[in-house]
Every structure is written in structure tokens, then in C-alpha cells.
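Each chain, written out:
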Amino acid sequence: MKYPRFLCAVICCSTIAFLNISGCKKNRLADEEWSSMSTVVASQDHLERALSYVNSDRQLEQAEFEEQVYSNLSRWQENRTDTGNITWTQDPLFETLPKEYREIQLAKLLNSTAYAYSDSQFLKQCSWLKSVANRLEKQPVVNVWPPVEPIDYSVQTKDNSKDALAIGLKTKHTDLSDAEVGKLASALRCFDWSTRAIQLAATPGKLSEQETQEQKLVRNDKKMPLPMMGILGPGYRTHPYQTMMYGTGDYLARARVFIGLCQQLNIDVVMLGIEKDNEIKPWLPAALIGKKLYLFDSLLGIAIPTPAGKIATLSDVIKDSSLLTRLNLTTDERIVLGEMANTTNTDYRVTKDDLENVVVLVDASPEQLSRRMAILENALSGNERMELTVDPTSLKQQLSSNEAIKKVVLWDVPFKTVVFRNVLIQAIRAASTDNELQVRIRRLILDESVIDNFTLFQTAKTRYLQGLFDTPRGSKKYSCIRLLSDMRYTNEEIAGVAQNDWLLAALNIRQAGQSAQNFARRIAILKGTMGRIRIDAAYFLGVANFEWGSPSTAINWFDRVVDFDQEGRWNDGINYSKARCYESLGDYEKAISLYRQEKRKTKSRQIIGNLIRSRMLKTSETSK
């Protein structure tokens, strides 16, 4: 496979800075905005200082960010005047993890009250999840659920104090209390956001022994789990905050973001798995509401529906497995798949027999199981409050009466992610003197490297996640939409970037004492980066405008992506998002056409879920 020359240059740079091992000294957005940026004053206590960095709407240079959060949390911990006593014991389900993951460095720190540098990224992750979840509660996107009997979303338009989605769900889920149906509506919105904001990536498959040897990033012949060799596997390529920043992930990565969003709203969501031959294969996330597990399929991008337009529960599908077989593709839908139907299982991936072996996987990272995060969570209140911990044993107790659950264990994917990312960082550092290792790393970091080296784009995405779609008139702060618009670089701007003093300073391209050759090399890399960033900027302008309530504008931006995206990196996300835009505009015919993708030669990874959604929309239209 050939790679663009500028990306090869990015990867071959001596420091390979995409993981922010090094970065910009000053993340300047615009002269007028930089001068008005609020700074942390000395009179603030250390906890406030740490949180001001965590909640910042600017993406800071990683080393500075981690140092500031770590040092301020450490000083806060040392100088606390309150006793801060909490009841904490290591969760018994920790012992259900494989031994190799119980012995990683972060796992050894569970009982410690000392903070780690990596805690800064975890806290930023929680801050982003909280911002998105709270926004979905206050400014919910309509048409998130196309049941047989359409929900009357005009209720909300006429009276914003009412939640039309909750009202509609209540008419179907009559057994739920108002509070419970409110939670179900919130869970559905969080799931919908994770589907819209994260383009579905391929799930890594099993490798042969030869492929394993060709792809591993460690230089030894010792038999180890795949993450410890730097080999991709299902779900653990990125932490949730990276998944949100990059905007892409496999169905397990999507599920983890959904789970994290719901956690910030105090809605318990677990991952269900099917155990076969002593191996557990993750199935889908399920929201625990009113002692029932409501099923959300992150691979298909839809909640599991019932014929009456309800969201199915685990109990429902066990009692009536046809709820799952209804998700098999019809003959007509198989024809839509074309040649893809020959290599794709068009029947739903879980069978009636599988339902006899359902296992609950609790998503809890090492940080969420730690004493130090329990202490910090206990200290946060009001607007600062974030949910930082998970209680797996409590979840197990809540599920104890559910006879369909064979066992409850801790999910190993969060721990695998920690291991994989650490191995990747170490390999990147070693690759500066190892050409073969550079080639192996290249396949993993092409898209990540572009975003991680462009802090302006990271800041724009941060502001998107925080809901800064617009700013008051006269404000010197740029909204995410303004920042993304400014990154729609023209060919002329890219060609003349060497004369753009502001951008060179913002990205620290021109440095004191550098040679002309070094400057020229950095300019060449920057030009290639800008060429890709403008594609990402246009795509996420569409995503942001849809969420901001401007579907027509979103469609225009999605259409512009194809002007430059010759690789088609965002084709699947564009196709799905445009269909959702037309849904919100009431043009179901166009939405259905896009979901079916009849004119596309290459079908999206979510095509089966899209076909099912189009089927639901057809039924919905017919029933009017």
C-alpha cells in the first residue's frame, strides 16, 4: 500500500510527535483571542487550577497539560485540610480480569492516593463526556428513534419544557415510571450521538501466526496477548477521549463512548457478551433501567426494536427470539448489498441458542476503580461534579435477580487499551532508529498523526464537544464552527503557507536557529497536513451544524467534503449523516435512498443497520 509522501515524512520524523510526545509551545488561535484568554491566577487553590486545565476549551500541548494537572492535583492532595475519608476497597470483580492485566502499572496503583500523569487525559475524557451528555439533555436532537408509530416531536417545538421523546416513549413503555422513561430517553439520545459523531470503523479480525509476526511492535519472540505486542484487536485501539477526538472507532469503541456518556447522567450501561468455548464475544451495550436491560446495537447503529415501536429488553428477546431474527436482511435488502452479500452474514449475529450464554461485561478503566479517583469525585460538587468511578459489584448485585445473566465480570477492553497505547508510544520512540518498525507503525497512525500534530483542529473539536457552536456578538472567542470554517484551506493558502506568519507561529513551525532545509521539510509536512485537515474540518462542520439545528447547512458541508476527499475517508459518515439530515427535514424518501446506498459501489460498514433503519422509516411512513 502506498502512502502520501508527506505522511511518510510525519511518521519518519525523529520524535514522531503525533502522540504529543512533543508539541506546540503555544497553542495560539488568533491574536485577539489569545490576548483575552483567561489564565489561572495564583489565588486559586490547586484543585481549581487542575480543573481549569481539564475543562479548558483549548487543546494544550500535552506535556504542559499533563504536568499542570498532575502537579496541581498532587499539591491539592498533600494540602487538603479536610480528612477526605471515604469508604474504599478494591472491587472484588477486579479478580475476574486475566492476570496479565491485573499486573499492569496502572492496576498496581488502585489503592494509591497519589495521582498519575495519565490521570489528566482521563479527567479530560470525563469532562468531555459530561459536556456532551448535559448538552443532549438540554438541546436534544429530534428524530433519534423511527418507530412504527412516529413520535410527535412537535410537542417539544410548541413547549420546550416538555420532552417529546420521553412523552412518546412513555406511550409505548407504559410499565416505566416518568423518571425511568426519562432515563430511557436520555440513553437513546446518548446512543444516537455516539452513532452520529463516530463513524464506524472495521472491527479487527483474527490474525494468522505469520500476520502476527509481521504486525507486532515488540522485538521478542515471547508469547503474549495481542495488545502487549502492539497488535490491533476489537475495541482497544483508542481511549474514549481519542475516539471522540478522531471521530471514528469500531463498534466496541462506539459502545464505550455511549457507556461513558450515560455514566455522566447516572444511567448504568453494561456490555453484554456471548460466551462460547470459554471465550466471551462482546455483543452490544444495554442500559439498566427499571431492572431491565434495554438493548442498543452499536454495530448496527440502532436500538433493537419491537414491532410496536418499543426498545427491546434482554428479557424480551429471550422470550421471543424473533425480535432478533426480524433483523435478518430481506431478499430485497440482500440484493441491495450486491456482491457484499456473498461475504457478509446477512442474518443477525446472535441466535436463540446464544441467548442461553449471556454474560455481563462491566466497563471500568483502572482510573475508575482507583482510590484516588474516589477521593477526587467525593470532593467535586455543583458544576464541577463529574462521575469518575464505577462500582462493578453494585452493578452485579442489581443484576442478581436476572436469571438470563450467567455471570458478571470486569471487561478487559479498558485495560487492553492502556496496554496497547503504551506499547505504541514505546514503539514510536524506538522507530526513530528502526526503519522496519516505522513501516509497521505507519498503518496505525496515518489519520491520528494529522490531527495530533494540528492543535488548532484539536481545539475546534474540543469546542464542538463542549457545545460551543456559537459565541455572543463581540466575543473574542471563536466557536467550533468558526474555527473549523477557517481550516477549510484553499489550494492557494496551502501553497503560500510559508508566508503565513500567524499559522507558522501557532503551530511552532519556524524555530530559532533551524536550518533552511529543516524549515523546508516542516513546511512540506504542513502542506500535506493542511490538505487533509481541510477535509476533516468540512466533515465535522456538517456534524456540528446538524447538531446545532441546521440540517440544510450540514448537507451543504457534507457535499463539499467530496471535493477534496479522494480517499473517501468520511464517505460512510457522510452518507449516514446526510440521511439523518433529510429525516429531520421530513424528506424520508431521500433519507431511505441514502440508507439503502443503491447507487454506491462500496457499501458502508453500517449498511446492514442502515437498511434496517430504512425499513423502519418505510413502515413508519406507511402507518401515517
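The sections below set out a description of the structure shown in this document. Being a predicted model, the structure only gives us computed values, none of them experimental.

Rules of the game
- Residues numbered from 1 in each chain as written.
- Predicted model: local features only at pLDDT ≥ 70, side-chain atom pairs only at ≥ 80, totals over all residues.
- Heavy atoms only, no water.
- Helix = DSSP H or I, 4+ residues; strand = E, 2+ residues; numbered from the N terminus.
- Buried < 20%, exposed > 50% of the residue type's maximum accessible area, 1.4 Å probe, protein only.
- Contact = heavy atoms within 4.5 Å.
- Areas by Shrake-Rupley, 256 points an atom, 1.4 Å probe, with all protein chains shown as cover.
- Expected span 1.5 Å × (residues − 1).
- Pairing = 2+ DSSP bridges.
- Phe/Tyr/Trp six-rings, centres within 6.5 Å; stacked < 30°, edge-to-face > 60°.
- Lys NZ or Arg CZ within 6 Å of the ring centre and 35° of its normal.
- Axes fitted to C-alpha atoms, helices over the stretch in contact; angles between N-to-C directions.
- Parallel < 35°, antiparallel > 145°, perpendicular 65-115°, else oblique.
- Left-handed = near helix turned anticlockwise from the far one by under 90°.
- Nonpolar A, V, L, I, M, F, W, Y, C, P; charged D, E, K, R; others polar.
- Core = buried A, V, L, I, M, F, W, Y, C linked by side-chain atoms within 4.5 Å.
- 1 Å grid on protein atoms, 1.4 Å probe; cavity = no way out; pocket = protein on both sides within 12 Å on 5 of 7 lines; lining within 4 Å.
- Points joined across faces, edges and corners; volume = space filled by probe spheres on them.
- Polar contact = N/O pair within 3.5 Å; in protein donor to acceptor, adjacent residues only side chain to side chain.
- Arc of directions from axis to C-beta.
- Salt bridge = Lys/Arg side-chain N within 4 Å of Asp/Glu carboxyl O.

1. A short note on the overall build of the chain
Here is step 1: Scanning the chain for helices and strands turns up 29 helices and eight strands.
Here is step 2: Taking all 624 residues of the chain together, 57% fall into the buried category.
Here is step 3: Restricting to contacts in the chain with at least 6 residues of sequence separation, those with at least 24 account for 70%.
Here is step 4: Total accessible area on the chain is roughly 27,200 Å²; 47% of this is exposed by carbon and sulfur atoms.

2. Focus: helix α7 (residues 119-138)
Here is step 1: A rise of 1.5 Å per residue sets the reference length of α7, with its 20 residues, at 28 Å; its end C-alpha atoms lie 29 Å apart and thus fit the reference within 8%.
Here is step 2: The element α7 is largely enclosed, with a buried count of 16 among its 20 residues.

3. Notes on the pairing of strand β4 (residues 279-289)
Consecutive side chains along a regular strand alternate between the two faces of the sheet.
Here is step 1: Burial of β4 is extensive: eight of the 11 residues sit out of reach of the surface.
Here is step 2: Hairpin connection, strand β3 (residues 269-276) to β4: the antiparallel pair is bridged by two residues, and D277 has positive phi, about 50 degrees.
Here is step 3: Here β4 pairs with strand β5 (residues 292-297) via four bridges, running antiparallel. If you follow L288 over to β5, its bridge partner there is L293.
Here is step 4: Where β4 folds back onto β5 in an antiparallel hairpin, the turn is made up of two residues, including G290, whose phi is positive at roughly 60 degrees.

4. Comments concerning the pairing of strand β7 (residues 358-362)
Here is step 1: For β7, the tally of buried residues reaches five of five residues, placing the bulk of the element in the interior.
Here is step 2: Burial along β7 is two-sided: the face carrying V358, V360 and V362 and the face carrying V359 and L361 are both buried.
Here is step 3: Note: β3 against β7, four bridges, orientation antiparallel. Across the sheet, residue M271 finds its bridge partner in β7, namely L361.
Here is step 4: Alignment of β7 against strand β8 (residues 405-410), held across five bridges, turns out to be parallel. Bridging from a neighbouring strand, V360 pairs with V408 of β8.

5. A short note on the packing of aromatic side chains
Here is step 1: Considering all chains together, one arrives at 15 aromatic pairs under this definition.
Here is step 2: Arranged with centres 5.8 Å apart and planes meeting at 50 degrees, the rings of Y539 and F558 form a pair that is tilted. Of this pair, Y539 sits in helix α25 (residues 516-547) while F558 sits in helix α26 (residues 551-561); the two residues are 19 residues apart in sequence, bridging distant segments of the chain.
Here is step 3: One aromatic cluster in this structure is built from F457, Y539, F540, F558 and W570.
Here is step 4: The ring of W76 has R80 lying over it, and the distance from NZ or CZ to the ring centre is 5.4 Å.

6. Focus: the packing of α25 against α26
Any two packed helices are characterised by the angle at which their axes cross and by the distance between the axes.
Here is step 1: Interaxial distance between α25 and α26 falls to 7 Å at its minimum, and their mutual angle equals 165 degrees. The orientation of α25 relative to α26 falls into the category roughly antiparallel. α26 is crossed by α25, and the crossing has left-handed handedness. Here I535, A538, Y539, L541, G542, V543, N545 and F546 of α25 lie close against α26, whose contacting residues are P551, T553, A554, W557, F558 and V561.
Here is step 2: When its residues are assigned to classes, the contact of α25 with α26 shows 11 nonpolar, three polar and no charged.

7. Here we look at the nonpolar core
Here is step 1: Membership of the largest hydrophobic core comes to 178 residues, with the highest contact counts inside it found for W193, L272, W283, F296, L314, F454 and M487.
Here is step 2: At 14 residues, α25 tops the list of elements feeding residues into this core.
Here is step 3: When sequence neighbours within four positions are dropped, the list of residues in contact with L272 reads P282, W283, L284, A286, L293, L295, L314, V358, V359 and V360.
Here is step 4: Counting 20 residues, the second-largest nonpolar core is a separate cluster that includes L47, L51, F65 and L376.

8. As for the sheet that holds β4
Here is step 1: Strand order across the open sheet formed by six strands is β6-β5-β4-β3-β7-β8, with mixed pairing between neighbours. Edge positions in the sheet fall to β6 (302-303) and β8, since each of these pairs with one other strand and no more.

9. Some thoughts on empty space enclosed by the protein
Gaps left between atoms are located by rolling a probe of water-molecule size over the structure's atoms.
Here is step 1: Scanning the model with the defined rule gives three cavities of 30 Å³ or more in all.
Here is step 2: Put simply, the largest cavity is a space of about 90 Å³.
Here is step 3: If you trace the largest cavity, you find 13 residues lining it, with L200, R254, D572, G573 and Q606 closest to the centre.
Here is step 4: Only α10 (178-197), β1 (199-200) and α27 (571-584) provide two or more residues apiece to the lining of the largest cavity.
Here is step 5: Partitioned by chemical class, the residues of the lining of the largest cavity number four nonpolar, five polar and four charged.
Here is step 6: Quantified by volume, the second largest cavity comes out at close to 60 Å³.
Here is step 7: If you trace the second largest cavity, you find it lined by V144, W145, L188, F191, D192, T195, G301, I302, A303, Y576 and R613.
Here is step 8: When contributions to the lining of the second largest cavity are tallied by element, the ones reaching two or more residues are α10 and β6.
Here is step 9: Taken together, the residues of the lining of the second largest cavity sort by class into seven nonpolar, two polar and two charged.

10. Digging into the environment of R237
Here is step 1: Here R237 is to be found in the loop between α11 (209-215) and α12 (240-246).
Here is step 2: Counting along the chain gives 13 residues from R237 to D250, while the straight-line C-alpha distance between them is 8.8 Å.
Here is step 3: Residues within four places of R237 in sequence aside, it is in contact with L232, F420, R421, R443, L444, I445 and E448.
Here is step 4: Reaching out from R237, the side chain makes a polar contact with the backbone oxygen of L444 at a distance of 2.4 Å.

11. Considering the side chain of Q125
Here is step 1: Tracing the backbone shows Q125 in helix α7.
Here is step 2: With residues up to four places along the chain from it excluded, the contact list for Q125 reads H239, P240, Y241 and M244.

12. Some thoughts on α26
Here is step 1: Of all the residues in α26, the buried ones are P551, A554, I555, W557, F558 and V561. Buried positions in α26, seen along its axis, are confined to an arc of 165 degrees and lie on one side of it.

13. Section: the pattern of salt bridges
Here is step 1: Counted by the stated rule, this structure contains 37 salt bridges.
Here is step 2: The closest approach of N and O atoms between E95 and R102, which form a salt bridge, is 3.6 Å.
Here is step 3: With relative accessibility at 49%, the residue E95 sits in the partly exposed group.
Here is step 4: With a relative accessible area of 23%, R102 lands in the partly exposed category.

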